Structure formats: structure tokens, C-alpha cells
Amino acid sequence: MSRTQARDAVAIALRQIVPDADLATLDDDGELREELEIDSLDFLSFVELLSKRTGVHIDEDDYPRLRSMSTCIHFLTERAGHTTPQ
Amino acid sequence: MPSLGADMDAGTVLEWLVQPGDSVRKGDVVAVVDTAKAAVEVETFVGGIVEDILVQPGQEVSVGAVLATIKDASSPSDHTQATKPQDRPIPERHPVAKQPTTKPRVSSPLVRRLATERDLDLTNIEGTGKGGTITRADVERAATLRAAVRPVATQQPRQRASPQARRLATELGIDLSQVSGTGKDSAVRAADVRAAAAIHAAERPVKSTHVSDAETATTGTETQKSTAMRTAIAQLMTRAKREIPHYYLSETVDLGETMGWLRERNRTLSIAERLVPAAVLLKATAVAALRHPELNGFWINDNFLPGSSVNLGVAISLRNGGLVAPALRDAADCSVTEVMANLRDLVARARTGRLRRTELADSTITVTNLGEQGVDTVFGVIYPPQVALVGFGRVADRAHAIDGLLGVRPVVTLTLAADHRATDGFTGSRFLRTINDLLQHPEAL
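Residues numbered from 1 in each chain as written. Chains lettered and ligands numbered in written order. Predicted model: local features only at pLDDT ≥ 70, side-chain atom pairs only at ≥ 80, totals over all residues. Heavy atoms only, no water.

## Some remarks on the overall build of chain B
(1) Moving on: Each helix and strand in chain B was counted, giving 11 helices and 20 strands.
(2) Moving on: Sequence separation of 24 or more characterises 60% of the internal contacts of chain B that already satisfy a separation of 6 or more.
(3) Moving on: Just so you have it, chain B exposes about 22,000 Å², and 53% of that area is on carbon and sulfur atoms. (Helix = DSSP H or I, 4+ residues; strand = E, 2+ residues; numbered from the N terminus. Contact = heavy atoms within 4.5 Å. Areas by Shrake-Rupley, 256 points an atom, 1.4 Å probe, with all protein chains shown as cover.)

So, in C-alpha cells, the structure goes:
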């Protein structure tokens, strides 16, 4: 998975959770949960969408790695090698 | 038009989901109604064949007005009203022979519920309906009569007005106390405000703020919607702080067991099946409320009315600002997994504005989980007429002493705001202790 593909996957998932989010102004290192006011239920949906879209298996222990756009991209590109298609 | 909460006087039909001729069962969603707070799905409490739709989409009517009539399928001659009338003129009082039996004759569950809400004894109400049946109008009249006999000791006579009227008055800059109302008990209705505004504008034909009828009728724009939401919250919270003598308690809860249990459980589950801590906290609160019924119910007319089950209100913040607190119904009887599923469903629908009538009107106790936004402690305001509000702060790793040893544990501050008229601190503290104990054994929840 390329970085662009990873970024797109994150953006699409975020837009589904927070439809009116302005992702253009979002800092790559900004805390997603804080900046987009995502609560734990939203976050669970986000993880679900992201996993479905990319085929990357995401454990609860991986949640801290989905903190910001840049950590998400890093995590997805790193994991995409050993994917579990769903 | 059903009452969808203590602060609602009127509602606008947004959409009909049935047509004349459709057959409906008790509990079917038949219409969507717009209140100051949200679009709400309205169920029918009787089954049968839809006969007439009386209120068209876009039309605002007061609580109690007939929205549609449903013909009872079993006895074709008998008509049952989907909601009982209020706007219908009360028939001339032809003396109805007093019922020799003490058992009051009531036509609908709605009337029974209204009587309970108004704290009226049905056996003391004279029925003017068919065969001496007690109608909604009879209950309303009895409530008005009693209010006249027992005037509430308020400092100032407050102008009665529908929420829509208040909102409109604010928007149009009209002083409500200067408007004469044409509604029930001289309550000011939206139409009265519009009329006053028209006179106002005619007297001073400067630059009139143009508000078209369609706009005001449907509270169309985002801004109007959020203003309406703010007004509704303002009214309810002002009432809470004016009427309820709150007392506050707080307890520190070690969530080590709960978080460990969740972690183990979620490890083996697909993402969709995973639980969030909130689901466990809510379930524990519901079970505790069941064990301490003094905190689960309503304070109405100087009396505590216990809730018949635990309908756990959950404060949900909306993205465009504002707050709703719909209920997880019968939460104490649901498994943690069911609580989780219901919570996801409830939050999703709250945010898309599709809640059901029963969810908005029936909460017996409410939980706020502001910890998600990062604060340590929540000091809540009770939703009247409920008598307790439970708050969970942020779950954070802290130094925590257990058995003489200092360790790092996930800890949360649990708080209770309770109505001192209904309970004392002793009851409240036992309630918090119960929640704490339950959270030490999450597997048993």
C-alpha cells in the first residue's frame, strides 16, 4: 500500500464518521480524536471502516498507533504487507 | 401529538410513514415529528387500519391534538384515535350518570398515563366521553382545576407559551409578556407571536426581518435548529437549577478489573463486536439503579414516582453543538453486549436525528460520560423530572494504593448529582458504592 492509498483510506473513513469534517485544514500530526471530537464509539467505527477498506487487521493494542493522520499512514503502510483480507 | 419530554408543548409533523388504508400494529412507527430538540419517530399505541391523516407535514399542532385516526380492525364500527383530542371542542356537559362502580372507565392508555403524570386519581375524575369514559380533555380539565385551587407559589406569573412561540419571539425581538395568547390557558402560540410581530412591523415600517411562513413552520436552517436546541436546553436546565436542590457525591473507582476484562474479551473478537468501556459503565449503573429504586424515577407534584424499569438516559453531544439524552430502555435487563449494540444504535440515530418517542420521553435516570472529552470529574445537572444524574470522568492511569502497595491503575472519578427532595446523601453514597462494587466484577454484569 502506498502512502497516498493509506491517506485516502483514512480520509474516507473519517469522512464517514464525521461528515462535516474539514480534513484539508487537519494537521498531519494533530490528534484525530481531539480535533474531530471523535468519541470511543466513533473511534470503533473508524477502526472498523479502516480495517474493512484496507484489509489490515487492527487489534485493540494497535489503537494508540492510530492517533494522527501521519501515525495512521505509517501503521497502515507497515501492516499492509501481511494483510488478512476480509 | 404525543409529549416527547417535559419541555414540549407542540410539535411539527415532518413526515408520514403510513397512508390511509395501511394496516398498523401497536408499536409501529407511523410518523416523524419535529420538536425543538430533534426529529422523533412516533409509534402508534393501537393497531388497526389507518383511516384519516388529519395533520399534514409541515403543520404544527399542540401536544394532545389528533394526528390521525385508526380504525380498530376487530370491531369495524369502533374508531380509536391515534392520539386523544384536545383541540376538539369539549361537548356540552350533559350530565352523565355517576358510575356506581369505583372503577374509572378509561378509553386509552394515554389517558391513564397522563393522569399518572399529572398525579391525578382517575376515580375522582368525571368522564364526559361515550358512556362516561374519561377522556384526555377530562384529565386536562381536572389538572387545570386543581392548579386553580392550589396555585403554585411562584414569585411572578410566567407567561405561558409554546417553545416554538418562545423561539420565534426571541428571533423576532418580541416581548412575550406583551403578547396575548390564544392557546390553551391563554398560552402564547407561534401564530400569536407572528401576529404581534406583524403589528409591530406595521407600526414601525422600517426594515422588517422577512421570515416566510414556510421557514418558520419547518425551522429549516441549521442556525434555527441549533438556536432551537439551545433554547430547549436552556429552559430545561434553568428549570433543573431553579427547582431541584442538588446534592453531589463523588467516588474514585479502580477500573483495573474492568479494563483487563475488556482487553481480554476484545482480543478474540472482530472489531464490530468489541466493547468500549462506556458499555460496561452504563450496564453497572443500570444494575445499581435497579438495586436502589429511590434514585430511579421522577419527582412530580411533591412526590417521588419510582420508574417501572431502568430506562437509562445517555447524554449524547451532537456535532453541530447541543445535547440529547435518549434512553437505553430496560438497560438493567440487557447483557453488556446488548447495551453496547443499543448504545451504538442510539448514538448513530441521535446524530442523524432519528430517535423514537419512547426513547426521548422515558428516561428514569441519566448518565453523562464527559470523560471522553478529557475532563476528570463531571458535576452534573439533573434532567427534570428525574432525580439523579451519574457522571463518569476520564479513565486515566494513576498512582493508586491497593493493600498497602502503590501501583499504577486505570482510575475513573464517578459522581452523582441527586435531588435532595427525593433522597439523602446516605442513599446516594450506597448507590455509588454499588456501582464501584459491580465494576470490580465485570464478568458478572
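## What about the overall build of chain A?
(1) Moving on: In terms of helices and strands, chain A carries four helices and zero strands.
(2) Moving on: Ordering the α and β elements of chain A from the N terminus gives α-α-α-α.
(3) Moving on: Each of the 86 residues in chain A was classed as buried or not, and the buried ones make up 49%.
(4) Moving on: Long-range pairs, those at least 24 residues apart, make up 55% of the contacts in chain A with a sequence separation of at least 6.
(5) Moving on: Carbon and sulfur atoms make up 46% of the accessible area of chain A, which totals about 4,500 Å². (Buried < 20%, exposed > 50% of the residue type's maximum accessible area, 1.4 Å probe, protein only.)

## A closer look at unusual backbone geometry
Residue and element names in this part refer to chain B.
(1) Moving on: The amide bond that connects Pro 384 to the next residue, Pro 385, takes the cis arrangement and shows omega of 5°.
(2) Moving on: Inspection of the secondary structure puts Pro 385 in the loop between β17 (365-368) and β18 (388-392).
(3) Moving on: At Asn 301, a residue that is not glycine, the phi angle is positive and equals roughly 50°.
(4) Moving on: Relative to the elements of secondary structure, Asn 301 occurs in the loop between β10 (297-300) and β11 (303-306).
(5) Moving on: The phi torsion at Asp 302 lies on the positive side, around 65°, for a residue other than glycine.
(6) Moving on: With respect to the helices, strands and loops of the structure, Asp 302 is situated in the loop between β10 and β11.
(7) Moving on: Using a relative accessible area of 64% as the deciding quantity, one classes Asp 302 as exposed.

## So, the nonpolar core
(1) Moving on: Ranked by size, the top nonpolar core spans 108 residues in total, and within it Phe 46 of chain A together with Phe 431 and Ile 435 of chain B carry the most contacts.
(2) Moving on: Looking at this core, the element that brings in the most residues is helix α8 (residues 277-291) of chain B, giving 10 residues. (Core = buried A, V, L, I, M, F, W, Y, C linked by side-chain atoms within 4.5 Å.)

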